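This is what each chain is made of:
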Amino acid sequence: MEVPYKIVIGLEVHVQLSTRTKLFCGCSTEFGAAPNTQVCPVCLGQPGALPVMNRSAIDLAIRTGLALNCEIASVTKWDRKNYFYPDLPKGYQISQFDQPICGPGYLEFSDPDQPEQMLRVRLIRAHLEEDAGKSMHDEAAGKSASRIDLNRTGTPLLEIVSEPDLHSPQAAKAYLTELRLLLTYLGVSDCNMQEGSLRADANINLHIDRDGETLATPIVEVKNLNSFRAVERALIYESQRQYDEWQRTGAVLGDAPKRTFGWDDQRGVTIPQREKEESSDYRYFPDPDLVPVHITSEQLEYARSQLGESPSAIRQRLVNEHALKPYDADVIVSQGRGVVDYFDRMIQAGANAKRSSSWIQQEVLRVMNESNQGIEDFCITAEQLSELVLAVDAGDLDTTRAKDVFQYWLQHPGSNVQSAKQALGIKDVDQSEIEALCRELLAENPKIVAQYKEGNTKALGALIGAAKKKNANADPRLVRELSQKIIEAEL
Amino acid sequence: MNLCTLSALELATRIQARELSSVEATQYFLSRIAETEQHIHAFTHLAEGALDRAEQIDSRLKSGEQLSPLAGVPIAIKDVLCTIGDRTTCGSRMLSEYRPPYMATAVQKLVDAGLVIVGKTNMDEFAMGGSTESSYLGPTRNPWDVQRTPGGSSGGAAASLAAGMCSLSIGSDTGGSVRQPAAFCGVCGLKPTYGRISRYGLVAFASSLDQVGPLAHHVQDLAACMAIMAGHDNRDSTSLAAEVPDYLAELGRPLKGLKVGIIREQVEHAALEAEVRDAVSHTQRMLEELGASILEIDFPHQEYAVPTYYLVAPCEASSNLSRYDGVHYGYRELGDASAESPLDAMISRSRSRGFGPEVKRRIMLGTFALSAGYYDAYYKKALQVRRLITQDYHRAFQDVDLLLGPVTPTPAYPLGEKLDDPVQMYLGDLFTVGANLAGLPAISVPAGFTSEGLPVAVQLQAPALEESRLLNAAFQLQQAGLFTPQVAEPPAT
Amino acid sequence: MELSTDDIRKVASLARLEFSEQELASFSTQLSRIVAFVEKLNEVDTAGVEEMAHPLDVHSVLRADELQPGLSRESALHNAPSHDDECFLVPPVLGQKSHGSR
């Protein structure tokens, strides 16, 4: 739908880095532990306790920065962001203010409106910071105490801040999707939104053309976006809300300070959040407990060695080298590095790329989804599946029977094509045997023959089921071909 | 048997030789405390089970275990260092019931070395002050004149020694908090190089300035204490990895050829009282007699040290003290029932009632100086001047090995005198804050008494990590008779 | 600069401290004096001088990403003014009053 304004969106994405321990102490970062069991004097903010930086978080941040085409700082430092909240036990968050570990960069992804076009979002920076704990508020707030769990306190986050280069809620969602894919490929985060490993806040306003000049509405930060769908819905809602507000009040950028709205997913609305007047004055200053970090060329080299092939590079390779359609390449790449590896191994074992792609999409992914398992747990190896695809290509068995073999393997992992055929009673069938079968069937079904002769070629489909009943090893394609030949010979 | 002024090393030697036991030594000091504490109030509280721990040390020594040259010696710890399970109050209502779940590294090292903690000493609230009057638990008195302040913030640490209530004492120094009370109470006090002793478990006042430091009657005891506490701690990112010298072995080097600088801006300072200036001159002559040469040094930014300090320290403090919000530990008081946010009301009420006026003053000053629109003019400016002050030191140390000067402009002043005038109180730090801003080691050495019978002292400062040089010079002065360790006897009751 | 009681009120709110009107007045006098005192630094030319946040030139202190033993929950909650079996407890963010008016 054409709207009378241009939407301007910038995203701030918080990614939890996959370290074993917290950013500044040796407590576990594992999700789901009983409250307040993964804590120590440091992350509890006990008086006198001091932070010591986790090397792995630096490495993962550099790896991410390189993948996002960012400038990596040669010197980075730590600052305190001061604010009071019960799940922030020190009364300040250790973050990075003016010397973030990653400087300007960009991310490219395909335009949801024109998939063959690429969009580029410029990144302002990416910096490390520690997460806060979890406050559990009573549903009927105001009646009873809130409970504070500090297990998450001090978990390493990388905050990736984009320029306001996104111009539709759909593009925002596409950006996040590509970013998440890249991060999971890099192995720097599991990006699990349910567990809070990836969180997005959006800054949004509108540019409205009015009498030859462009007016900008006040910027709103939308928080509490817990899924990609929520991002899209919230931004659609918020842009319309801003337009309505502008029509009502005429308020433009500069008339009011930046406001924060929360997304209410159930009601589908954004709601202004209660803020103290001075709460944005965070009084950043260098953390005297932590010394600056110099990034060495060894660290950069190490991070580079850990990068691996990026999703966009793989997409290109699948299209250019294996002649997959961009859509199919994207489906495979979207499944993660494990599925790409599976595909590559099938090719290596000799299977045709397009066949491999469709087997993966139609069968492997189906089973993975149904059984809710990852590719690494999938019991049919790429080499096995490749053997099956090659057998079909060689005409050793038809696609339907091949799928039976596939099903059989799911129950009996580790067997090969031969043993599966044996177990399923699949025999190689003689063509003359099938021809005899077809003649028999056509004789039994004069109606179908008549329909075919009248031009209804699809009528033959009914024969295939019948043929299968008589001989399970009958190749449907062959049944169809031979039946056609027999009828046409009679014409 | 008088153990009060006996060197801690000598006491340990006797314990090692089983001339007396650690239990007896501990009992001795506990009974001194029982007599004297009522007049002085040097402790926030005594440690539980001191005699049991002394007994354990005795039996370990008896079994032939080698602990350290100070094993068995009773020691007092400033109540700003965390002692596991035992209260650590920081002289504040905020932490009056706080029992840390962990031990400060420096204290753990002392315990491992076989020292026996007898109690936690009183201090200005969160180490903010120079008179120990801001303690929530009430002021400490100077054993030499109980109407006067023992100095601060480690007032209890210095007074406990001056009153003969322990053999060694550990303090902390952010802007002079070891050296100034040591000077007021007539004992030795060392502020080591920033990072020389782990800050892990030292409740933070101003993190880039704080440093743990020992106090004792004898210079060699400081050296022995340093040998135990100094060294890298992988739990403190700002602790130094440099090797720890054998401080004791380095004592006794002749001072011949040593170049000592006198900062002109300090000895000519208008606020410097004559008897303190005389002490510096006297020490200067003594150093010359010992073979040192004296050079006058210019310190262009001397006048800016205190203003710089009173921005840097409050800014860091305002953030360090944000953790006291009544949520995870410390004092809590609910706010008005009608408050829009009961949570915010609780936090504000707890902080307002949990902190005393001086702490609140500094939190306010630091919060202001860091706030939007003022950061550059105040905090950033202070960090720049801090570098200029540090450069003054670097320039000086190109020409000299040590700097000699006063610790304080005056001897101990009467209690209450500066309570209503913060700026006057702050100006008392003018000779001590420089070493903290630059991160350098400095020592306060007793230099006799005024005509009124109050202790006076001199300060020696050295380049980073040159504690040995400081300790050796102070030791030579001690040997040459600059001071004689002594304790003040309690007033007759 | 002179700090007004309004300035003090704003700083107090940032620092989560509350003062009576009388305290506000005396704090604004005291803090104005202290601020005037530290403004002595304006005499110093600091153009081009690098800020010094750390006293010593140490950098890149990093630790290995290895688990270290932490505290038991009991020990973690021990000093809390209010807690249940699992968590720290705090008064609700929003009270009855503000809820009623929503």
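Note that the structure is a prediction, hence the values are computed from the model and not measured.

Draft legend 1. Fine view of the overall build of chain B. Scanning chain B from N- to C-terminus turns up 16 helices and 11 strands. Scaling as 2.2 N^0.38, a compact globule of 493 residues should have a C-alpha radius of gyration of about 23 Å, and chain B matches this with 21 Å. Projecting the C-alpha coordinates of chain B onto the three principal axes gives extents of approximately 70 × 55 × 50 Å. Taken over 493 residues, chain B has a buried fraction of 70%. In chain B, the share of contacts with a sequence separation of at least 24, taken over all contacts with a separation of at least 6, comes to 76%.

Draft legend 2. Representation of the packing of helix α12 (residues 431-444) of chain A against helix α15 (residues 476-490) of chain A within the structure. All names here are of chain A. Two numbers describe how α12 lies on α15: the axes approach to 9 Å, and their chain directions differ by 60°. Our classification of the angle between α12 and α15 gives oblique. Between α12 and α15 lies a crossing of right-handed hand. Residue-level contacts link Gln431, Ile434, Glu435, Cys438, Arg439 and Leu442 of α12 to Leu478, Val479, Leu482, Ser483, Ile486 and Ile487 of α15. Class assignment of the residues belonging to the contact of α12 with α15 gives a composition of eight nonpolar, two polar and two charged.

Draft legend 3. Quick look at the interface of chain A and chain B. Contacts between the two partners involve 33 residues from chain A, matched on the other side by 42 residues from chain B. Surface buried jointly by chain A and chain B totals about 2900 Å² across both partners, of which 57% is contributed by carbon and sulfur atoms. Its salt-bridge partner being Arg199 of chain B, residue Asp289 of chain A comes within 3.1 Å of it at the nearest N-O pair. When residues of the side of chain A that touches chain B are traced back to their parent elements, those giving at least two are β4 (79-82) and β16 (285-286) of chain A. Taken together, the residues that form the side of chain A that touches chain B break down as 21 nonpolar, five polar and seven charged.

Draft legend 4. The arrangement of empty space enclosed by the protein in detail. Residues and elements named next belong to chain A. Throughout the structure, instances matching the rule amount to seven cavities of 30 Å³ or more. Its boundaries defined by the atoms lining it, the largest cavity holds a volume of some 100 Å³. Around the largest cavity, the lining is made up of 15 residues, and of these Val42, Cys43, Pro51, Lys90 and Glu130 lie nearest the centre. Within the lining of the largest cavity, the residues separate by chemical class into nine nonpolar, two polar and four charged.

Draft legend 5. Main features of the environment of Leu150 of chain A. Tracing the sequence through the fold places Leu150 of chain A in the loop between β9 (146-149) and β10 (156-162). Its relative accessible area of 0% is what places Leu150 of chain A among the buried residues. Along the chain, Leu150 of chain A and Pro4 of chain A lie 146 residues apart, while their C-alpha atoms are 47 Å from each other. Every residue in contact with Leu150 of chain A, bar those within four places of it in the chain, is listed here: Lys22, Asn36, Gln38, Val39, Leu44, Pro86, Asp87, Pro89 and Gly133 of chain A, His328 of chain B together with Phe88 of chain C.

Draft legend 6. Layout of the nonpolar core. Judged by nonpolar contacts, the single largest core of 194 residues is most densely connected at Leu70 and Phe126 of chain B. Excluding residues that lie within four positions of it along the chain, Leu70 of chain B makes contacts with Ala8, Leu9, Ala12, Ala113, Gly114, Leu115, Leu168, Ala224, Cys225 and Ile228 of chain B. If you look at the next biggest cluster of nonpolar residues, it comprises 69 residues, including Leu128, Tyr175, Leu206 and Val222 of chain A.

Draft legend 7. Representation of the sheet that holds β9 of chain A. Strands sit in the order β8(A)-β9(A)-β2(C) across an open sheet of three strands; the sheet is antiparallel. Only two strands of the sheet have a single neighbouring strand rather than two, namely β8 (134-136) of chain A together with β2 (88-90) of chain C. The mean inter-strand angle of the sheet, taken between neighbouring strand axes irrespective of direction, is 30°. Strand direction decides the pairing type here: β8 of chain A and β9 of chain A, joined by three bridges, are antiparallel.

Draft legend 8. Molecular detail of the interface of chain B and chain C. On the chain C side, the residues contacting the 68 residues of chain B number 53 residues. When the two sides are added together, the surface that chain B and chain C hide from each other amounts to roughly 5500 Å², 69% of it contributed by carbon and sulfur. Where chain B touches chain C, the interface holds two salt bridges. The residue Arg33 of chain C makes a salt bridge to Asp421 of chain B at a minimum N-O spacing of 3.1 Å. There are 22 residue pairs in polar contact (both at pLDDT 80 or more) connecting chain B and chain C.

Draft legend 9. Structural view of the packing of aromatic side chains. The full count for this structure, using the stated rule, is 30 aromatic pairs over all chains. Relative to Phe406 of chain A, the ring of Phe378 of chain A lies with its centre 6.3 Å away and its plane at 35°, an arrangement referred to as tilted. Here the residue Phe378 of chain A occupies a position in the loop between α8 (353-371) and α9 (382-393), and Phe406 of chain A occupies one in helix α10 (residues 399-411), the gap between them amounting to 28 residues. Arranged with centres 5.3 Å apart and planes meeting at 55°, the rings of Phe368 of chain B and Tyr378 of chain B form a pair that is tilted.

Draft legend 10. Molecular detail of the confidence of the model for chain C. Mean pLDDT over chain C works out to 91, with 93% of the residues at or above the 70 mark. Between residues 98-102 of chain C, whose pLDDT stays under 50, and residues either more than four places distant or in other chains, the model counts five contacts.

Draft legend 11. Structural context of the state of the cysteines. Residue and element names in this part refer to chain A. Evaluation of the coordinates by the stated rule reveals zero disulfides over all chains. Residue Cys102 stays outside any disulfide, its sulfur separated by 5.1 Å from that of Cys70, the closest cysteine. Residue classification places Cys102 among the buried positions, given a relative accessible area of 0%.

Draft legend 12. Inspection of helix α4 (residues 105-112) of chain B at higher detail. All names here are of chain B. Those residues of α4 lying buried are Thr105, Ala106, Val107 and Leu110. Against β2 (74-78), β3 (116-121), β4 (168-173), β6 (211-216) and α7 (219-229) lie the buried residues of α4. Directly after α4, the chain includes Gly114, whose backbone phi takes a positive value near 90°.

Draft legend 13. Broad picture of the layout of surface pockets. Residues and elements named next belong to chain A. Roughly 1600 Å³ of volume is contained in the second largest pocket. Mapped by element, the contributors of at least two residues to the lining of the second largest pocket are β6 (105-110), α2 (169-186), α5 (311-322), α6 (326-334), α7 (337-348) and α8. In terms of residue count, the dominant contributor to the lining of the second largest pocket is α2 (eight residues). Grouping the constituent residues of the lining of the second largest pocket by class yields 20 nonpolar, 16 polar and 11 charged. Formed jointly, the lining of the second largest pocket draws a minimum of three residues from each of two domains, domain 1 (6-301) and domain 2 (315-424).

Draft legend 14. Region of the structure containing the pattern of salt bridges. Following the criterion strictly, the structure yields 60 salt bridges over all chains and no others. Here Lys77 of chain A ties to Asp98 of chain A by a salt bridge, and the two come within 2.7 Å at their closest N and O atoms. In this pair, Lys77 of chain A is assigned in the loop between β3 (75-76) and β4 and Asp98 of chain A in the loop between β5 (92-95) and β6, connecting sequence segments 21 residues apart. Given a relative accessible area of 15%, Lys77 of chain A falls into the buried group. What makes Asp98 of chain A partly exposed here is its relative accessible area of 48%. Between Arg315 of chain A and Glu178 of chain A there is a salt bridge, with the nearest N and O atoms lying 2.7 Å from each other. You can see Arg315 of chain A sitting in helix α5 and its partner Glu178 of chain A sitting in helix α2, a full 137 residues away along the chain. Comparing Arg315 of chain A with Glu178 of chain A, the two get one shared label, buried. Sharing partners across several salt bridges, the network here consists of Arg80, Asp287 and Asp289 of chain A together with Arg199 and Asp236 of chain B.

Draft legend 15. Up close: the packing of α7 of chain A against α8 of chain A. All names here are of chain A. Where α7 meets α8, the closest approach of the two axes is 10 Å, and the angle between their N-to-C directions is 140°. On the basis of the axis angle, α7 is oblique to α8. Note on packing geometry: the crossing formed by α7 with α8 is right-handed. Each of Val339, Tyr342, Phe343, Met346 and Ile347 in α7 lies in contact with α8, whose residues at this interface are Ala353, Ser356, Ser357, Ile360, Val364, Leu365 and Met368.

Draft legend 16. Seen up close, the sheet that holds β16 of chain A. Residue and element names in this part refer to chain A. Read from one edge to the other, the open sheet built from three strands follows the order β5-β4-β16, with strand pairing classed as antiparallel. In this open sheet, the two strands that pair with only one neighbour each are β5 and β16. Pairing of β4 with β16 involves two bridges; the strand directions are antiparallel. Within β16, the position partnered with Asp79 by the bridge is Pro286.

Thresholds, definitions, all that
- Here the residue numbering is sequential within each chain, running from 1 through the sequence in written order.
- To read the labels, note that chains go from A and ligands from 1, taken in the order they are written.
- Predicted model: local features are reported for residues with pLDDT of at least 70 only, side-chain atom pairs are reported and counted for 80 or more only, and whole-chain, interface and lining totals are derived from all residues.
- Neither water nor hydrogens contribute to the side-chain values; these are computed over all heavy atoms in the structure.
- Strands are runs of DSSP state E lasting at least two residues, helices are runs of H or I lasting at least four, and both sets are numbered from the N terminus onward.
- Radius of gyration here uses only the C-alpha atoms, and the compact-globule reference equals 2.2 Å multiplied by the residue count raised to the power 0.38.
- Exposure classes here rest on a 1.4 Å probe applied to the protein chains alone. A residue is buried below 20% of its type maximum, exposed above 50%, and partly exposed in between.
- Contacts are assigned to residue pairs that have any heavy atoms within 4.5 Å of one another.
- Here an axis means a line fitted to C-alpha atoms, over the contact stretch when the element is a helix, while the angle between two N-to-C directions is reported on a 0 to 180 degree scale.
- In this scheme, roughly parallel covers angles under 35 degrees and roughly antiparallel covers those over 145, while 65 to 115 is roughly perpendicular and the rest are oblique.
- By convention, the crossing between two helices is left-handed when the near helix turns anticlockwise from the far helix through less than a right angle, and right-handed when the turn is clockwise.
- Gly is put with the polar residues, along with every residue not named as nonpolar or charged; the nonpolar set is Ala, Val, Leu, Ile, Met, Phe, Trp, Tyr, Cys and Pro, and the charged set is Asp, Glu, Lys and Arg.
- Accessible area that two parts lose when put together, with a 1.4 Å probe and added across both, is what the buried area reports.
- What makes a salt bridge here is a side-chain nitrogen of Lys or Arg within 4 Å of a carboxyl oxygen of Asp or Glu, nothing more.
- Each cavity reported here is a set of points on a 1 Å grid over the protein atoms alone in which a 1.4 Å probe fits but cannot get out, each pocket an open set with protein on both sides within 12 Å along at least five of seven lines, and each lining residue one with an atom within 4 Å of a point.
- Grid points are joined across faces, edges and corners, and a volume is the space filled by probe spheres set on the points.
- Put simply, a nonpolar core is a bunch of buried Ala, Val, Leu, Ile, Met, Phe, Trp, Tyr and Cys residues held in one set by side-chain atoms that sit within 4.5 Å of each other.
- Paired strands, as defined in this entry, are two strands with at least two bridges between them according to DSSP.
- We define a polar contact as two N or O atoms separated by no more than 3.5 Å, with the added condition that, inside protein, one atom must be a possible hydrogen donor and the other a possible acceptor, whereas residues neighbouring each other in sequence contribute only through side-chain atom pairs.
- Pairing of aromatic rings covers Phe, Tyr and Trp, the last through its six-membered ring, and needs centres within 6.5 Å; plane angles under 30 degrees mean stacked, over 60 mean edge-to-face, and all others mean tilted.
- pLDDT measures the predictor's confidence residue by residue and takes values from 0 up to 100.
- For the purposes of this analysis, a disulfide is any pair of cysteine sulfur atoms at a distance within 2.5 Å.
- Domain delimitation follows an automatic or database domain assignment.

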